[in-house]
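Here are the chains, one letter per residue:
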Amino acid sequence: MTQTTPDAVAQFEHRRTALESLQHFLHRFPTMVPILVLIVSVIGFGLIANNFLSPFNLSLILQQVAVVGTLAAAQSLVILTAGIDLSVGAVMVLSTVVMGKLAVDMGVPAPLAIIAGFLCGVATGWVNGTLVTRLRLPPFITTLGTWNIFIALVYNLSGRNTIRSQDIDANAPLLKLFGNNFQLGGFVITWGVLLMLAVFAVLYVALNMTAWGKRVYAVGDDAEAAALAGIRVNRILLSVYMVAGLICGLAAWSAIGRVGSVSPTSFAESNLESITAVVIGGISLFGGRGSIMGPLIGAIIVGVFNSGLRLMGVDVLWQLFATGWLIILAVAVDQWIRKISS
Amino acid sequence: MKRARLGGLAAMALTASTLAAAAQDPVKACVITKTDINPFFVKVKEGAEAKGKELGVEIMAYAGKIDGDHETQQQAMESCIAAGVKGILLIASDPKAIVSSVEQAKAQGILVIALDTPLEPANAADATFATDNYEAGRLIGAWAKGTLGDAAKDAHIAMLNINATQPSVDVLRNQGFVEGFGMDPKDKSKYGDEDDPRIVGQEYTDGNEEGGRRAMEAIFQRDPAINVVHTINEPAAAGAYEALKSFGKQDGVTIVSVDGGCPGVQNVKEGVIGATAQQYPKKMAEMGIEAIAAFAKDGTKPAATEGKDFVDTGVQLVTDKPVEGVPSITSDEGLKLCWG
């Protein structure tokens, strides 16, 4: 009916409001939202919470988010393909148990035990990926199932017992490598923090500068279109789950350093915490959009809020309250930005 | 109508068969725990099974899937009633909600014993067999005070608890410690209301190593002069120690805990934990099965420990640095009695 005249188009372009400009800007640079939130929250807590801006505290926040941050990297890959992985935390704990059991209880040389832990991570990724691609089960349900199965394996393998820090020191100190730290000014940096940063750096390169990365985004954005363009969708998906499993294995090594022991009961909620970091980091749950650096910032934001609120001495319920609103805010902003593409 | 009559017949048949069964079959008992994961509950199950074998009581064991899984426990209660057991040992996940099932069981003449966790109200069960968690806290508090000596007057104390729901076990251990250390616990039904300046703060650990470390880091930031750490259990204590070690402060700090699991007692032996109050899940279960066997024989119900409203299954302080006036056993003795 209505015919668009060139004039009308020009007029529309002119009438773009500041808000619309912001919307377009964020659509192009989705990581700007978490970056702004991070800057504002650091300044905010710096003003109201004692010692918050001390190098000691700032580096402690990084130490505290290192394990969940690394897991968030794995989660991001899966979410970029419009999937979700509820099993990442269980896979990580399973890998810690494999490493600890082999190296401490069975006397396997530590490097081999660690490699076995990585292989365990990759194998669980293969299981998830195969179920998703071959049986065409939705990722949510698949990983809900394997989450339970992997936890059962954890209890079975570990005999529900913790492997103590002192026994690891005596038999396989290499397992605690990522708990080691060094000082940089007043900053205390653990190797686990460096590992997290390295994982994100490698993923950044892989996702932005390789054909594989472009395909991961394409599959996440529209799997059918990707298939029509000649991308072997199942192969990409399987590779994503396996790489995510490997990263869980790395996170496992980091987790042993952080906690000191191999503990089957720790990190029970790390799967949800990793999803939280990814969502706050601005990666769209609908797949195909968002920068891999977002979840790194998302994880740090959660750490900043928890640390700031703890330093203020407020009840723990406010940490949950704040995290909840951050998630809802992040998803709302994502929906708003998405309106442009429709 | 027809269905109702059939149901009635079935019920009569069932009653007849249970009566017949009671005459010939061995006494049956149920053990229902919160989960099958925690070594404490595993030990309860093992203890019940061993004692059952000894006394000729057939044991049926059930567990919830996770801590807080009330529904599975309710189904287990129903299965136990249907199976015609003589008694049920129950570690309730939801001590309030399970009461209606407990009452159904009691109406069928079944002896219901609450283990470890009292029901709410506690008298809903025929008896409660539990560790005196307040006493456990008091012992480690008194030991910490004695160990510090004069320095106890200006101690800097971190309280590392379980979680924000403040379950009764958590409150009892915390408040027991406060009293044992010679501070005023104020309202004993909750923690955090004390105004003694020696308590630097309360943090939550989820009862595991990761949470213990996180909590210790948080409290250390508020006061780096912390020199006494109360922990809800030994995994939390191990996590707190890791945090202190990363700050290079592990030597000047006294950590106390509760539980008596084998890794925890080993940590006492190695000086990571100063003292821990050991509880006895196996004994708890054994006493429970004995009570059910006695009830099956002549209908006697267990009586509470004198001066308490439950049957105290005992708690002992494990430490290698005994303090005068606080009875304790050594870590080697503790290792012989430990669980998990």
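Residues numbered from 1 in each chain as written. Chains lettered and ligands numbered in written order. Predicted model: local features only at pLDDT ≥ 70, side-chain atom pairs only at ≥ 80, totals over all residues.

Looking at an unreviewed UniProt entry, one finds chain B named Sugar ABC transporter, with Paracoccus sphaerophysae as its source organism. For the record of chain B, the UniProt heading Sequence similarities (unreviewed entry) holds the text "Belongs to the bacterial solute-binding protein 2 family." (UniProt positions renumbered as here; feature names shortened; annotations may be inferred.)

Labelled according to an unreviewed UniProt entry, chain A appears under the name ABC transporter permease, originating from Paracoccus sphaerophysae. UniProt lists a comment for chain A under the heading Subcellular location (unreviewed entry), and it reads "Cell membrane".

Draft legend 1. Here's a closer look at the interface of chain B and chain A. Contacts between the two partners involve 25 residues from chain B and, on the opposite side, 24 residues from chain A. Counting only elements with at least two residues in the side of chain B that touches chain A, the list comes to helix 2 (39-55), strand 7 (199-204), helix 7 (209-222), helix 8 (234-246) and helix 9 (262-269) of chain B. Per element, the largest residue contribution to the side of chain B that touches chain A is seven residues, and it comes from helix 7 of chain B. Here the residues of the side of chain B that touches chain A are counted per class, giving nine nonpolar, nine polar and seven charged. (Contact = placed C-beta atoms within 7 Å. Helix = DSSP H or I, 4+ residues; strand = E, 2+ residues; numbered from the N terminus. Nonpolar A, V, L, I, M, F, W, Y, C, P; charged D, E, K, R; others polar.)

Draft legend 2. Summary view of the nonpolar core. Residues I88(B), L89(B), L90(B), I113(B), L115(B), I140(B) and A240(B) are the most contacted members of the largest nonpolar core, which totals 96 residues. Ranked by the residues each element gives to this core, the list is headed by helix 10 (residues 281-298) of chain B, at eight residues. Two domains each provide a minimum of three residues to this core, namely domain 1 (2-130 + 281-303) and domain 2 (133-279 + 315-337) of chain B. The residues contacting L89(B), other than those within four sequence positions of it, are A29(B), C30(B), V31(B), A48(B), I113(B), L115(B), A285(B) and G288(B). Counting residues in hydrophobic clusters, the runner-up holds 91 residues, among them V97(A), V154(A), V259(A) and F267(A). (Core = buried A, V, L, I, M, F, W, Y, C linked by C-beta atoms within 7 Å. Buried ≥ 20, exposed ≤ 12 C-beta atoms within 10 Å, placed from the backbone. Domains from an automatic or database assignment.)

Draft legend 3. Representation of the sheet that holds strand 3 (residues 87-90) of chain B. Residues and elements named next belong to chain B. Strand order in the open sheet made by the six strands is 2-1-3-4-5-11, with parallel pairing throughout. Only two strands of the sheet have a single partner each, and these edge strands are strand 2 (57-63) and strand 11 (311-312). With two bridges joining them, strand 5 (residues 127-130) and strand 11 adopt parallel strand pairing. Bridging from a neighbouring strand, F129 pairs with V311 of strand 11. Lying on the sheet, helix 2 is in contact with strand 1 (27-33), strand 2, strand 3 and strand 4 (111-115); it crosses strand 2 at an angle near 165 degrees. Sitting on the sheet, helix 10 touches strand 1, strand 2, strand 3, strand 4, strand 5 and strand 11, and the angle it makes with strand 4 is about 170 degrees. (Pairing = 2+ DSSP bridges. Axes fitted to C-alpha atoms, helices over the stretch in contact; angles between N-to-C directions.)

Draft legend 4. Up close: the environment of I48(A). Its location among the elements puts I48(A) in helix 3 (residues 32-48). Separated by 260 residues in the primary sequence, I48(A) and G308(A) place their C-alpha atoms 8.6 Å from one another.

Draft legend 5. Representation of the UniProt feature "domain: Periplasmic binding protein" (unreviewed entry) in chain B in the model. In this structure's numbering, the residues bearing the UniProt feature "domain: Periplasmic binding protein" (unreviewed entry) are residues 31-297 of chain B. With 45% helix and 18% strand, residues 31-297 of chain B has its two end C-alpha atoms placed 19 Å apart.

Draft legend 6. View of helix 9 (residues 191-209) of chain A. Residues and elements named next belong to chain A. The first and last C-alpha atoms of helix 9 sit 26 Å apart over 19 residues, in line with the 27 Å expected at 1.5 Å per residue. Taken residue by residue, helix 9 has G192, V193, L195, M196, V199, F200 and L203 as its buried positions. End-on view of helix 9: buried residues confined to an arc of 160 degrees, all on one side of the axis. Residues of helix 9 that are exposed and point more than 90 degrees away from the buried face comprise V205, N208 and M209. (Expected span 1.5 Å × (residues − 1). Arc of directions from axis to C-beta.)

Draft legend 7. Structural detail: the packing of helix 5 (residues 88-105) of chain A against helix 7 (residues 139-158) of chain A. Residue and element names in this part refer to chain A. In the contact formed by helix 5 and helix 7, the axes pass within 9 Å of each other and the chain directions differ by 20 degrees. Compared by their axis directions, helix 5 and helix 7 come out roughly parallel. Here helix 5 and helix 7 pass one another in a crossing that is left-handed. Note on element contacts: helix 7 touches helix 5 through W147, F150, I151, L153, V154, L157 and S158, opposite A90, V91, V93, L94, V97 and K101. Of the residues in the contact of helix 5 with helix 7, the class split is 11 nonpolar, one polar and one charged. (Parallel < 35°, antiparallel > 145°, perpendicular 65-115°, else oblique. Left-handed = near helix turned anticlockwise from the far one by under 90°.)

Draft legend 8. Summary view of the UniProt feature "transmembrane region" (unreviewed entry) in chain A. Residues and elements named next belong to chain A. Using the residue numbers shown here, the UniProt feature "transmembrane region" (unreviewed entry) corresponds to residues 32-53, 65-94, 106-127, 139-157, 184-207, 236-256, 276-305 and 317-337. Across residues 139-157, helical content stands at 100% and strand content at 0%; the span's end C-alpha atoms are separated by 26 Å. With 60% helix and 0% strand, residues 276-305 has its two end C-alpha atoms placed 13 Å apart.

Draft legend 9. Region of interest: the pairing of strand 7 of chain B. Residues and elements named next belong to chain B. Bridge count between strand 6 (residues 157-161) and strand 7: five bridges; the pairing is parallel. What sits directly across from L160, in strand 7, is E203. For the handedness criterion, the β-α-β arrangement of strand 6, helix 6 (residues 168-180) and strand 7 is classed as right-handed. (Right-handed = clockwise from strand over helix to strand, strands pointing away.)

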